[in-house]
Amino acid sequence: MHIQFNTDNRITGDEALAAQAEQIVESRLNRFSSRLSRVEVHLADVNGPKGGSDDIVCTLEARPEGGKPVTVKGNAGQVESAIRDASDKMQALLDTHFGKLRAH
């Protein structure tokens with residue numbers, strides 16, 4: 001499973017943030033790693049300098065082997081919290097996705 005990290009121009013996407021995002025995503029999605037070719041992490045600050053309580057959006061797109069990409073979004077006031085929120089949602093989505101495949 002390859003993890004690709006991207007940010008908008010309002011969030012500084014340095015190596016430390018990329019490593020933190022990768023660690024969070026891997027900890028939540030590691031059990032699916034053999035079934036996923038790539039996970040893309042996109043961070044955006046939707047309100048810019050105005051701020052806000054949930055202005056950081058983390059979009060995760062997972063690409064299952066041989067399947068269509070699945071996407072979730074997590075919102076929070078802090079980058080780390082947004083990544084954790086999106087990762088938790090992706091974990092639940094993949095549990096459902098792969099569970100349905102097993103049933104067929």
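Described below are features of the structure shown in this document. (Residues numbered from 1 in each chain as written. Predicted model: local features only at pLDDT ≥ 70, side-chain atom pairs only at ≥ 80, totals over all residues. Heavy atoms only, no water.)

Attention shifts here to the overall build of the protein. A count of helices and strands for the protein gives two helices and four strands. When the helices and strands of the protein are listed from N to C terminus, the series reads β-α-β-β-β-α. Over its C-alpha trace the protein gives a radius of gyration of 14 Å, about what one expects of a compact globule, namely 13 Å for 104 residues. With respect to the principal axes defined by its C-alpha atoms, the protein has extents near 50 × 25 × 20 Å. Taken over 104 residues, the protein has a buried fraction of 35%. (Helix = DSSP H or I, 4+ residues; strand = E, 2+ residues; numbered from the N terminus. Rg over C-alpha atoms; globule rule 2.2 N^0.38 Å. Buried < 20%, exposed > 50% of the residue type's maximum accessible area, 1.4 Å probe, protein only.)

Counting residues in each nonpolar core, the largest one holds 26 residues, and the members touching the most others are Val25, Val39, Cys58, Leu60, Ile83, Met90 and Leu94. Of all the secondary-structure elements, those providing two or more residues to this core are helix H1 (15-29), strand S2 (36-45), strand S3 (56-64), strand S4 (70-76) and helix H2 (79-103). With seven residues, the top contributor of residues to this core is H2. Ignoring anything within four residues of it in the chain, the contact list for Leu60 reads Val25, Val39, Glu40, Val41, Val70, Thr71, Val72, Ala86, Ser87 and Met90. (Core = buried A, V, L, I, M, F, W, Y, C linked by side-chain atoms within 4.5 Å. Contact = heavy atoms within 4.5 Å.)

In short, shape yes, function no, at least from these values alone.
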